[in-house]
Each structure stands twice: as structure tokens, then as C-alpha cells.
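Per-entry structural report
Here is how the chains run, residue by residue.
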Amino acid sequence: MAHATYLGFLAAPGSFVDATGRRVEITPARIDGWHRKTNGLIGEGFRIPTPWGHKLEAVPEGSDDPFAYDEAATRWNAGYVLGTVKDKDGSLWYRGTVPPGYRLDAANHALVNDRDGTVVSEVSPGIGNWTDGKGRKHNDLILHAALCTRPVQHGQPGFKADTVALPPGAQFLSATTCGYSSGRTCRPAGVRTQIGRAHV
């Protein structure tokens, strides 16, 4: 079953203060780096989570910490970043899957759960350094795109319909299709995924 996708705002150039009082400088060069690194990791088969709020365990799949993988991939994860795009103003957006039970309310730029009334329209990227399961160190990386209500970068435009045209031959690698046609696994080596009561 194909999941609906949306575009979520990640960052725009500017100067901001985070929750700890530290100044955060987001330059066009930094956005270019995030764009390149994120799409590069996704192209290698890593999955970058979109958790409900910031979760320290929510790091790209492929971490050498199996507990981080289990936590990020289950209870607190709403979906995955499928790729990033930059708009004409230099802002960085990510393509994500609409979480189960939610729909995109494009008129109000929000993800909405009609059953319980939950509405979310903002994102806060988790930025940091990370070592993947192959021992490679990645600096200044988007670790996750947290669905939240109080981002450092306020006044966000919210979510919008995914109408960005992909280049000919481009593909999405999502949780349901990631790597299966190419024979690659979608989880880090040595980590077992529980499906029902069986481990694979």
C-alpha cells in the first residue's frame, strides 16, 4: 500500500536561539550541506526518522546502537524522511510519509488526526554528529525531523502537498519498498526486527 507524501519545512537561512540559549547560525552553505548529506545517506539505504517530538534515540537507521534503532523505528516514530528539496528562497524542505491515521490538510498546512483531534504543523530538525554502523563519522547532519509544536524557527509555513516533480527514473525508497528490489536490507547489519512474534 502506498503512503501519501507531503513536504515539510526544515530550515531557512538565519540566526536563531535554541532551547539551551545557544545561538544557531543557519547559512546557505549549511543548508546545502544538509541537503547533500541527507539525500546521500537516503540513497545508501539509511532511513532518517520523523519522530513525535525530539527523541534522542531517533537517529538514522544504521546506528551501531540497536536500542536506538528499536526505539526510533517503533513507538515514537511517525514516518521517515524520503528526501530533501530546496525552494527558490534557499529554504530546505523534506519529503515525508503521512503518519498512519493522519491526513494532510493542505488548506491549513497541517497533519490532522480526525479521530482524536491532533493537529501538527511544525517541524524541528535534530542536528548533530553521528557514527553509522560502518564506523563512518558524519558531522553536522540532520538526525531526524521532529514533528512538534514549539520549534526554534517559528513562523513556519507548515506542510504542503508533495507536488515536486522528480527527475526521470527517480525512485522513492520508503519503509515498504526500501531496497527490496535492489536486494539491499533496510536495517543495520546485526539488528533483528520483530514482526509479530517472529524475528527476521
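It should be noted that the structure appears before, not after, this text.
Residues numbered from 1 in each chain as written. Predicted model: local features only at pLDDT ≥ 70, side-chain atom pairs only at ≥ 80, totals over all residues. Heavy atoms only, no water.

Considerations on the overall build of the chain
- Along its length, the chain carries two helices and 14 strands.
- Among the 200 residues that make up the chain, the fraction classed as buried is 43%.
- Excluding contacts between residues fewer than 6 apart, the proportion of contacts in the chain whose partners are at least 24 apart in sequence is 62%.
- Of the accessible surface of the chain, which amounts to about 11,100 Å², a share of 54% is contributed by carbon and sulfur atoms. (Helix = DSSP H or I, 4+ residues; strand = E, 2+ residues; numbered from the N terminus. Buried < 20%, exposed > 50% of the residue type's maximum accessible area, 1.4 Å probe, protein only. Contact = heavy atoms within 4.5 Å. Areas by Shrake-Rupley, 256 points an atom, 1.4 Å probe, with all protein chains shown as cover.)

A short note on the sheet that holds strand β12 (residues 159-161)
- The five strands lie next to each other as β4-β5-β6-β1-β12, forming an open sheet whose pairing is antiparallel. Lying at the two open borders of the sheet, with one neighbouring strand each, are β4 (48-51) and β12. Each strand of the sheet is rotated relative to its neighbour by a mean of 45 degrees, with strand direction disregarded.
- Bridge count for strand β1 (residues 5-11) against strand β6 (residues 92-97) is six bridges, and the pairing is antiparallel. Of the residues in β6, the one forming a bridge with Phe9 is Trp93. (Pairing = 2+ DSSP bridges. Axes fitted to C-alpha atoms, helices over the stretch in contact; angles between N-to-C directions.)

Brief notes about the nonpolar core
- In this structure, Tyr94, Leu111, Leu147 and Phe159 are the most contacted members of the largest nonpolar core, which totals 22 residues.
- Where this core is concerned, the elements lending two or more residues are β1, α1 (28-43), β5 (77-86), β6 and β11 (137-148).
- Setting aside residues no more than four positions away along its own chain, Leu111 makes contact with Tyr6, Val98, Pro99, Tyr102, Arg103, Leu104, Thr118, Val119, Val120, Leu147 and Phe159. (Core = buried A, V, L, I, M, F, W, Y, C linked by side-chain atoms within 4.5 Å.)

Here's the deal with the packing of aromatic side chains
- Throughout the structure, instances matching the rule amount to five aromatic pairs.
- The interplanar angle of 85 degrees and the centroid separation of 5.7 Å between the aromatic rings of Phe9 and Trp93 together place this pair among those described as edge-to-face. Of the two residues, Phe9 is situated in strand β1 and Trp93 in strand β6; the sequence distance between them amounts to 84 residues. Side by side, Phe9 and Trp93 carry an identical accessibility label, which is buried.
- Residues Trp52 and Tyr102 carry aromatic rings whose centres are separated by 5.2 Å and whose planes lie at 35 degrees to one another, so their mutual orientation is tilted. (Phe/Tyr/Trp six-rings, centres within 6.5 Å; stacked < 30°, edge-to-face > 60°.)

Some words on the pattern of salt bridges
- Tallied over the full model, the rule gives seven salt bridges.
- One salt bridge connects Glu44 with Arg136, and the closest N-O pair in it is separated by 2.7 Å. Of the two residues, Glu44 sits in the loop between α1 and β4 while Arg136 sits in the loop between β10 (122-131) and β11, which places them 92 residues apart along the sequence.
- Residue classification places Glu44 among the partly exposed positions, given a relative accessible area of 35%.
- With a relative accessible area of 31%, Arg136 lands in the partly exposed category.
- When the shortest N-O distance is used, the salt bridge between Arg95 and Asp162 registers 2.7 Å. With Arg95 in strand β6 and Asp162 in the loop between β12 and β13 (194-195), this pair connects stretches of sequence that are 67 residues apart. (Salt bridge = Lys/Arg side-chain N within 4 Å of Asp/Glu carboxyl O.)

Examining the side chain of Thr38
- Among the structural elements, Thr38 can be located in helix α1.
- Overall, Thr38 belongs to the buried group, its relative accessible area being 1%.
- A polar atom in the side chain of Thr38 sits 2.7 Å from the backbone oxygen of Trp34.
- In this view, Thr38 contacts Ile48, Val81, Thr84 and Ile142; residues no more than four positions away in its chain are not counted. (Polar contact = N/O pair within 3.5 Å; in protein donor to acceptor, adjacent residues only side chain to side chain.)

Nothing here speaks to function; it is all geometry.
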